Amino acid sequence: MIGLPNKRELVQWLQTTDHRALSELFAAALEVKHRYFGHKVHLRGLIEFSNICRKNCYYCGLRRDNLSLRRYQMTADEIVECAQRAHMAGLGSIVLQAGERCDEAFVQFVEDAVRRLKRETNLGITLCLGEQTAETYRRWFDAGAHRYLLRIETSSPELYATIHPPDHSYSTRRACVFALREIGYQVGTGVMIGLPGQTAENLADDILFFDEMDVDMIGMGPYLRHAGTPLAASCTDYSVERQLRLGLVMIALTRLRLPDVNIAATMALLTLHPRGREMGLKAGANIIMPNITPTDYGQYYDLYEGRPYREEGFGELLEDLSRKVREVGEEVVFGEYGDSPHYFARMRCKGATTVRSVAPTSRRHAGVP
Ligand code: 5AD
Ligand code: SF4
């Protein structure tokens, strides 16, 4: 029986390469997922509405010093149109993601877009827009966003300092996660897995950090190289097999340690293996974020090499995904928000009488079984 792993056990699992043992770990995590979520898998349509970024993270292709990247910003109409198509296809939630900007024009643009999206689609809205002031987080929350994903990237301040320039701050990022919780968002965080210089102990600490921070959602994935970035140059012993294994082990261990949080099988897994996301589900994940950014733009959201962007055809994309999920014994659920049960447990503990509305969306999806 594999129970709640402590630090020593987390480290041991992260060092294990034995296939038989790992199959047992994944089966135990899947059982816990089934206990809390049944066989349900919820989707979030990912809209990457701008790749303009003021930051310069050493690992990311969107960093401001990457001058060879064509930058774009979708209009509000384009975002709403994309969301409406997602809504019509039966998705319950979207994620609005972009490079980091804090100027007032951007803050206002997001606020207006969220308000409009809420009014016109009532989709669940997750934001993934980096570090902002508490006031900005509050404005976007009041406009109707109810989840926010801000990856800590690594819980080790020392490792954080090696993958970011000196003007990026671990403590600011951590404070942002607290601010989001205070405001009332369902809060997600996550890390990159298999970073140069990262140890099994660092990764074990990451899982303990998720637990300590009492987060509701996890979005994490293997680190992938991007040739135009400084970190890729220092990454000499890269192995696809290792990145994939660690990515899956992190999902399984996080599921065992934090049973009722939403965990995404992320795009980085798909980049490493055509069935990577389904493997993530089998290791205990319960969320998939299909990329629904219009193709004209998606190709320029160049976080790392080989990142798949959406193929043409919304209906086919979802049909294909539903089939792949069914093939591994799980079931995509349409027309629901799929909020994190942990959020409600947390709010009940706090004695909250009202929580951010989570009514399922009313319109059923059309055309996808
Ligand atoms: N490999 C994997 N993930 C990356 N991200 C950025 N660059 C990379 C990379 N090279 C992730 C970061 C960030 C999110 C938007 O994308 O974790 O938070
Ligand atoms: Fe910008 Fe985010 Fe990439 Fe850093 S990880 S450069 S903040 S898009």
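In this text, all values refer to a predicted model and were calculated from it rather than measured experimentally. (Residues numbered from 1 in each chain as written. Chains lettered and ligands numbered in written order. Predicted model: local features only at pLDDT ≥ 70, side-chain atom pairs only at ≥ 80, totals over all residues. Heavy atoms only, no water.)

Caption draft 1: Main features of the pattern of salt bridges. In total, this model carries 28 salt bridges according to the counting rule given. Its salt-bridge partner being K7, residue E201 comes within 3.0 Å of it at the nearest N-O pair. Taken together, the positions of E201 in helix α8 (residues 200-213) and K7 in helix α1 (residues 7-15) put the pair 194 residues apart, joining distant regions of the chain. Residue E201 is classed as partly exposed on the basis of its relative accessible area of 43%. For R101, the salt bridge identified is with D103, shortest N-O distance 2.7 Å. (Salt bridge = Lys/Arg side-chain N within 4 Å of Asp/Glu carboxyl O. Helix = DSSP H or I, 4+ residues; strand = E, 2+ residues; numbered from the N terminus. Buried < 20%, exposed > 50% of the residue type's maximum accessible area, 1.4 Å probe, protein only.)

Caption draft 2: Spatial organisation of the nonpolar core. Counting residues in each nonpolar core, the largest one holds 121 residues, and the members touching the most others are F49, I94, L96, L127 and Y185. For this core, the leading source of residues is helix α10 (residues 240-257), giving nine residues. Ignoring anything within four residues of it in the chain, the contact list for L96 reads I47, F49, I79, V114, L117, I125, T126, L127, C128 and L129. (Core = buried A, V, L, I, M, F, W, Y, C linked by side-chain atoms within 4.5 Å. Contact = heavy atoms within 4.5 Å.)

Caption draft 3: Structural context of the site of ligand 1. Close to ligand 1 lie Y59, C60, Q97, R151, E153, M192, P222, Y223, L224, L303 and Y304. For ligand 1, an oxygen atom lies 2.7 Å from a polar atom in the side chain of R151. L224 places a main-chain nitrogen or oxygen 2.6 Å from a nitrogen atom of ligand 1. Relative to its unbound accessible area of 410 Å², ligand 1 is 88% covered by the protein chains. (Near = heavy atom within 4 Å. Polar contact = N/O pair within 3.5 Å; in protein donor to acceptor, adjacent residues only side chain to side chain. Areas by Shrake-Rupley, 256 points an atom, 1.4 Å probe, with all protein chains shown as cover.)

Caption draft 4: Expanded view of the site of ligand 2. The immediate surroundings of ligand 2 are formed by C53, K55, C57, Y59, C60, L62, R63 and G99. Considering only residue class, the shell around ligand 2 consists of five nonpolar, one polar and two charged. (Nonpolar A, V, L, I, M, F, W, Y, C, P; charged D, E, K, R; others polar.)

Caption draft 5: A look at α8. Over its 14 residues, α8 extends 20 Å from the first C-alpha to the last, a length consistent with the 20 Å expected when each residue adds 1.5 Å. Taken as a whole, α8 has its buried residues at A200, N202, L203, A204, D206, I207, L208, F209, F210 and M213. Directly after α8, the chain includes D214, whose backbone phi takes a positive value near 55 degrees. (Expected span 1.5 Å × (residues − 1).)

Caption draft 6: Expanded view of the pairing of strand β3 (residues 124-128). Within β3, five of the five residues are buried, which leaves it mostly tucked inside the rest of the structure. Side-chain alternation along β3 places G124, T126 and C128 on one buried face and I125 and L127 on a second face that is also buried. Pairing geometry for strand β2 (residues 93-98) and β3, over five bridges, is parallel. Bridged to Q97 within β3 is C128. (Pairing = 2+ DSSP bridges.)

Caption draft 7: Inspection of the environment of G280 at higher detail. Residue position: G280 is located in helix α12 (residues 276-282). Judged by relative accessible area, which is 0%, G280 ranks as buried. Not counting residues within four places of it along the chain, the set of residues in contact with G280 comprises L248, I251, A265, L269 and A285.

Caption draft 8: Just the environment of M220, in detail. Mapped onto the secondary structure, M220 falls in the loop between β7 (217-218) and β8 (221-222). Taking the C-alpha atoms as reference points, M220 and F37, 183 residues apart in sequence, are found 19 Å from one another.

Caption draft 9: How the structure looks around the confidence of the model for the chain. Confidence along the chain averages 92 in pLDDT terms, with 94% of residues attaining 70 or more. Counted against residues more than four places away or in other chains, residues 357-369, with its pLDDT under 50, gives 38 contacts. (pLDDT = per-residue confidence, 0-100.)

Caption draft 10: Representation of the side chain of D339. You can see D339 is positioned in the loop between β11 (331-333) and α15 (341-349). A polar side-chain atom of D339 sits 2.9 Å from a polar atom in the side chain of R147. Side-chain polar atoms of D339 contact the side chain of Q186, separated by 2.8 Å.

Caption draft 11: A look at the packing of α1 against α10. One way to put it is that α1 packs onto α10 with a least axis distance of 9 Å and a crossing angle of 150 degrees. Classified by the angle between their axes, α1 and α10 sit roughly antiparallel to one another. Seen from above, α1 lies across α10 with right-handed handedness. Here α1 contributes L10, W13 and L14 to the contact with α10, which in turn contributes R245, L246, V249, M250 and L253. Grouping the amino acids of the contact of α1 with α10 by side-chain chemistry returns seven nonpolar, no polar and one charged. (Axes fitted to C-alpha atoms, helices over the stretch in contact; angles between N-to-C directions. Parallel < 35°, antiparallel > 145°, perpendicular 65-115°, else oblique. Left-handed = near helix turned anticlockwise from the far one by under 90°.)

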